[in-house]
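# Descriptive structure summary
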Amino acid sequence: MSHAPATISAERRRAPRRPDLAGVRRAVARLTLPVLLLLPALIIIGGLVGYPLVKTIWLSFTETRLGDLVDGSGEWVGLANYKEVFTDEHLRTSLINTVVFGTACVIGTMVFGFAVALLLNERLRGNLLFGLAVLLPWAVPALAASAIWRWLFDDRYGFVNWALVNLGFSHFQDYAWFADRNSAYVAIFVTVVWQSFPFVALSLLAGLQTLPRETLHAAAVDGASAWQRFRLVTLPLLRPIVAVLVVFSTIWDFKIFDQIYVMAQGVPDRAADTAAVTAYRESFALGHYGVGSAVAVVLFVVLLAFSIVYVRMIGKEAQA
Amino acid sequence: MKGMRWLAAGALVGALAVAGCGGDDGDNGSAANTGGDGAISGSITTWIMDPGSPKLQEVFNQYAKDFEAEHAGSDVKIEFVPWAQAHDKFTTAIAGGKVPDVAEMGTTWTPEFADQGAFEPVPAAAAGDYVSSLVDAATLDGEVWGKPWYAGARALVYRKDVLKKAGVEPPKTWDELKAAATAIKEKGGGIYPVAFNGLTEHYYLPAIWQAGGEIATQDGASWKAALNSPEGTQAIDFYTSFYKEDLTPKASIGWEEPDAQEAFINGDVAMLIAGGWTYNSIIQTKPELEKNIGTALAPAGPSGKDTAFAGGSHLVVFKESKDVATANAFVDFMLEPENLNKFTSEIGFLPGTTAGIEASGYLDDPVRKPFAEQLLDHSAVYPPSPRWGALEGANIFDGVIQNVMKGKESPEEAAKSLAEQMDQEFAG
């Protein structure tokens, strides 16, 4: 009995340490297996994403030619390439094109996607078939779609000019869509929206079908018009989905490559090139790997900002 | 004669549009070069510029089969690369270390990639075996890096029926060309007079020579732009005036050579700057046009010169090839006169070897004679600088010419800015 207090005090002394050690040990045990299991994936991601990223950022601070690239002997030039990106007229134009044209494509995709989603949400005859048809453009590879649309917009043999002329717009006889930046952008805009609306439409359709019918009924009973029901009930309820789709579309449309590469190559002075195409051409056509990398890094930073917004949004949703 | 140059053959691409052309590079392993031992039994990959017709592709595939039959154990894989993508593809292949063993190389690109150390040097050939200017085009720092394969120059191809309808003779000078074009626009029945593209420098750069100017001049080891001159300005003004005066389709501002060829085949343009290879491709695609097609030398400029660009191809062996002996053997095999002529006569180029030219019989064929004459007596080459390929790859000329066509720049401004860009690249 007499040593009981000693035991207690000894225990008291050890007490704060023991759970600590056990906790660490348990945490390590708990983490070892997952980390081991994740390791192969982490190595692959590090190799496929990390290495090129780091290398590109490094290249963007160097003056590197094809020969230097082979033996890795680029000359460090600091921020000179970035200065060129923002002062050279062609490079700056390509960044502005990316933002302006990309934004236009996002708006176009969202509006058209919404319209199709609302249409599909109505219980109309043949909607199943229509829904399947909507998916098809999405399944066409971007390169093939660009080539097809380039033909549809061909000056002499294209369907678009034929249709416009037959509708009475004789101005479009032999109209060269790709001979001017703005008209080329119209054609490319149609191609991009045509390819990207299915995803938006189907995502929104899924959202629309989860909306509580009672709320919409109640609004209708209270005398809200169709437009008011859409603006005041449907849209606020779909906001999380719309936000995510806007961020997604922005990321896709800002790094657009195939459509521009195929359709804008004949536009005078390459005035319609976007940042992704410019980065490629500066590097692989001109052999200016440093400047090309700088363009790519600027585009990457812009997209990173959007991705952070997206991740934040997902985080908030998980909490909600 | 300076180095003779290169690449004529954008037209070969034919109607070929998009080109995923997967360079199957998987088999370039780390095996050491076996150049010394002379065994011809390896597997090699060969990149050939896409001739755009299945018949010609078959000629190349047959080379591979014949070669494999001759050398037991060897395996030759032929891959076709469209001209329009070829420069980018070689650049990425060299940068990534995934090169083919053997490749056809546009003659203006050979010095550029040789300068990067991409090729095996070619053993000295006996003088007179090859067309000497084509050997010069493959020479850098005193060594030869490619074997001449074929060459050609663009002359004038026209529709006899349309010219007759418009009441004009085949034009021999710039003035006659303009007059003929104007007459065809008025009386040709809706056909465009010419196709003067915005993306084909082999159409408009020779106009500088025809005007009496130079594109660049050599100054010791380096080059200096020379097109910022009254002649250069005049050439740009003349070429772009056809677009401004609606004598070429509006869409042609964004056309490459195959687009113009296609328009000619479809009966949308009456006159074309074209080489024998384009002529062959046209009559193969649309045989009924043959009786209505005439050929003539390129129209002469105010200086009296009717110079066209002499282009062609070399065959090169890559340094990183894992079997240099087999690669060299296959190159020599393709250059044997009977093999060479199977291809050149079909495609409409002149062979790059002396023996091949003797066997070809080009000068006896009245329709093809202008193409041969154009190459042999009325042609010149672009500056054989290692930087020229990059200038071409970047299409620095096209954007400026397009701006002049659109009226956004004057011909004087264009000549000045081109000279600046060229000098920047030459100094590079």
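Sequence order as written defines residue numbering, which begins from 1 separately in each chain. To read the labels, note that chains go from A and ligands from 1, taken in the order they are written. Under the rules for a predicted model, residues below a pLDDT of 70 receive no local features and side-chain atom pairs below 80 are neither given nor counted, while totals for whole chains, interfaces and linings still include all residues.

The helix and strand tally for chain B stands at 17 helices and 15 strands. Three exposure classes are used. Buried residues have 20 or more other C-beta atoms within 10 Å of their own C-beta, exposed residues have 12 or fewer, and partly exposed residues fall in between, all C-beta atoms being placed from the backbone. Here chain B holds 428 residues, and 58% of them are scored as buried. Contact definition: two residues whose C-beta atoms, as placed from backbone geometry, lie within 7 Å. Sequence-distant contacts in chain B: of pairs separated by 6 or more residues, those separated by 24 or more amount to 77%. To qualify as a helix, a DSSP run of H or I must reach at least 4 residues; to qualify as a strand, a run of E must reach at least 2; elements of each kind are numbered from the N terminus.

Moving on: the overall build of chain A. Along chain A, the regular secondary structure elements total 14 helices and two strands. By the compact-globule yardstick of 20 Å for 320 residues, chain A is too spread out, its C-alpha radius of gyration being 28 Å. Taking the principal axes of its C-alpha atoms as reference, chain A extends roughly 110 × 70 × 30 Å. Put simply, chain A has 320 residues, and 31% of those count as buried. Taking all contacts inside chain A whose residues are at least 6 apart in sequence as the whole, residues at least 24 apart take part in 69%. Radius of gyration: C-alpha atoms only; globule rule: 2.2 Å multiplied by the number of residues to the exponent 0.38.

Attention now moves to the interface of chain B and chain A. Bring the parts together and some accessible area is lost; that lost area is often taken as the interface size. At the interface, 24 residues of chain B touch 22 residues of chain A. When residues of the side of chain B that touches chain A are traced back to their parent elements, those giving at least two are α2 (83-96), α15 (388-393) and α16 (396-405) of chain B. With five residues, α2(B) is the largest single contributor of residues to the side of chain B that touches chain A. Each residue gets one label: Ala, Val, Leu, Ile, Met, Phe, Trp, Tyr, Cys and Pro are nonpolar, Asp, Glu, Lys and Arg are charged, and the others, such as Gly, are polar. Split into classes, the residues belonging to the side of chain B that touches chain A amount to 11 nonpolar, nine polar and four charged.

Our focus in this paragraph is the sheet that holds strand β8 (residues 192-194) of chain B. All names here are of chain B. Across the sheet, four strands lie side by side as β8-β11-β7-β12; this open sheet has mixed pairing. Since the sheet does not close on itself, it has two edges, and those belong to β8 and β12 (293-296), each with one partner. Across the sheet, the mean angle separating the axes of adjacent strands is 20 degrees when strand polarity is ignored. As defined by bridge partners, strand β7 (residues 155-159) adjoins β12 across four bridges and the pair is classed as antiparallel. Bridge pairing in β12 places Arg-159 opposite Ile-293. Pairs of strands are assigned from DSSP output, requiring at least two bridges between the strands. Interaxial angle, 0 to 180 degrees, is taken between N-to-C directions of lines fitted to C-alpha atoms, where a helix line uses only the stretch in contact.

Residues and elements named next belong to chain B. By the assigned domains, chain B splits into domain 1 (9-152 + 311-380) and domain 2 (155-309 + 384-427). Averaged C-alpha coordinates put domain 1 and domain 2 at centres separated by 27 Å. Taken together, the contacts link 32 residues of domain 1 with 34 residues of domain 2. The set of elements that each furnish at least two residues to the side of domain 1 that touches domain 2 consists of α2, α3 (110-115), α14 (369-377) and β15 (379-380). Segmentation into domains, and thus their bounds, comes from an automatic or database assignment.

Next up on the list: the packing of helix α7 (residues 201-210) of chain B against helix α8 (residues 230-244) of chain B. All names here are of chain B. For the pair α7 and α8, interaxial distance at closest approach is 8 Å and the crossing angle is 135 degrees. With respect to α8, the axis of α7 lies oblique. Note that α7 runs across α8; the crossing there is right-handed. Where α7 approaches α8, its residues Tyr-204, Ala-207, Ile-208 and Gln-210 are matched on the opposing element by Glu-231, Gly-232, Ala-235, Phe-238 and Tyr-239. Any angle from 65 to 115 degrees is called roughly perpendicular, while one under 35 is roughly parallel, one over 145 is roughly antiparallel, and all others are oblique. Two helices cross in a left-handed way if the nearer one is turned anticlockwise from the farther one by less than a right angle. They cross in a right-handed way if the turn is clockwise.

All right, on to unusual backbone geometry then. Phi at Asp174(A) takes a positive value of approximately 55 degrees, unusual for a residue other than glycine. By the element assignment, Asp174(A) lies in the loop between α8 (159-166) and α9 (181-210).

Moving on, we come to the nonpolar core. Each nonpolar core consists of buried Ala, Val, Leu, Ile, Met, Phe, Trp, Tyr and Cys residues. Their C-beta atoms, within 7 Å, join them into a set. By size, the foremost hydrophobic cluster in this structure holds 189 residues, and its most contacted members are Ala184(A), Val295(A) and Val269(B). The greatest single-element share of this core, amounting to 10 residues, is contributed by α9(A). Excluding residues that lie within four positions of it along the chain, Val295(A) makes contacts with Val85(A), Leu91(A), Ala275(A), Thr278(A), Ala279(A) and Glu282(A).

Residues and elements named next belong to chain B. Structurally, Gly-267 can be placed in the loop between α9 (257-265) and β11 (269-274). The exposure class of Gly-267 is partly exposed, given the 15 C-beta atoms found within 10 Å. Note: C-alpha distance between Gly-267 and Leu-289 (22 residues apart in sequence) is 9.1 Å.

This part takes up the pairing of β7(B). All names here are of chain B. Among the five residues of β7, five are classified as buried, and the element is accordingly described as predominantly covered. The pairing of β7 with β11 spans four bridges and is classified as antiparallel. Bridge pairing in β11 links Ala-155 to Ala-274.

Moving on to the confidence of the model for chain A. One rule of thumb: low pLDDT means the predicted coordinates there are not for detailed reading. All names here are of chain A. The predictor reports its confidence for every residue as pLDDT, a score running from 0 up to 100. Summarising the model, chain A shows a mean pLDDT of 87, and 93% of its residues fall at 70 or more. Across chain A, the element-wise mean pLDDT spans from 48 in helix α1 (residues 4-14) up to 96 in α8. Predicted confidence is poor over residues 1-12, with pLDDT under 50, and the contacts of this stretch with residues over four places away or in other chains come to zero contacts.

Another point: the domain arrangement of chain A. Each domain of chain A was delimited in the assignment, giving domain 1 (4-59) and domain 2 (91-319). Using C-alpha coordinates to define each centre, domain 1 of chain A is positioned 44 Å away from domain 2 of chain A.

This next bit is on the pairing of strand β6 (residues 147-153) of chain B. Residues and elements named next belong to chain B. Burial analysis of β6 places seven of its seven residues in the buried class, the great majority of the element. Strand direction decides the pairing type here: β6 and strand β13 (residues 308-317), joined by six bridges, are antiparallel. Bridged to Lys-147 within β13 is Leu-315. Relative to strand β14 (residues 350-351), β6 runs antiparallel, the two being bridged by two bridges. Its bridge partner lying in β14, Tyr-150 is registered against Pro-351.

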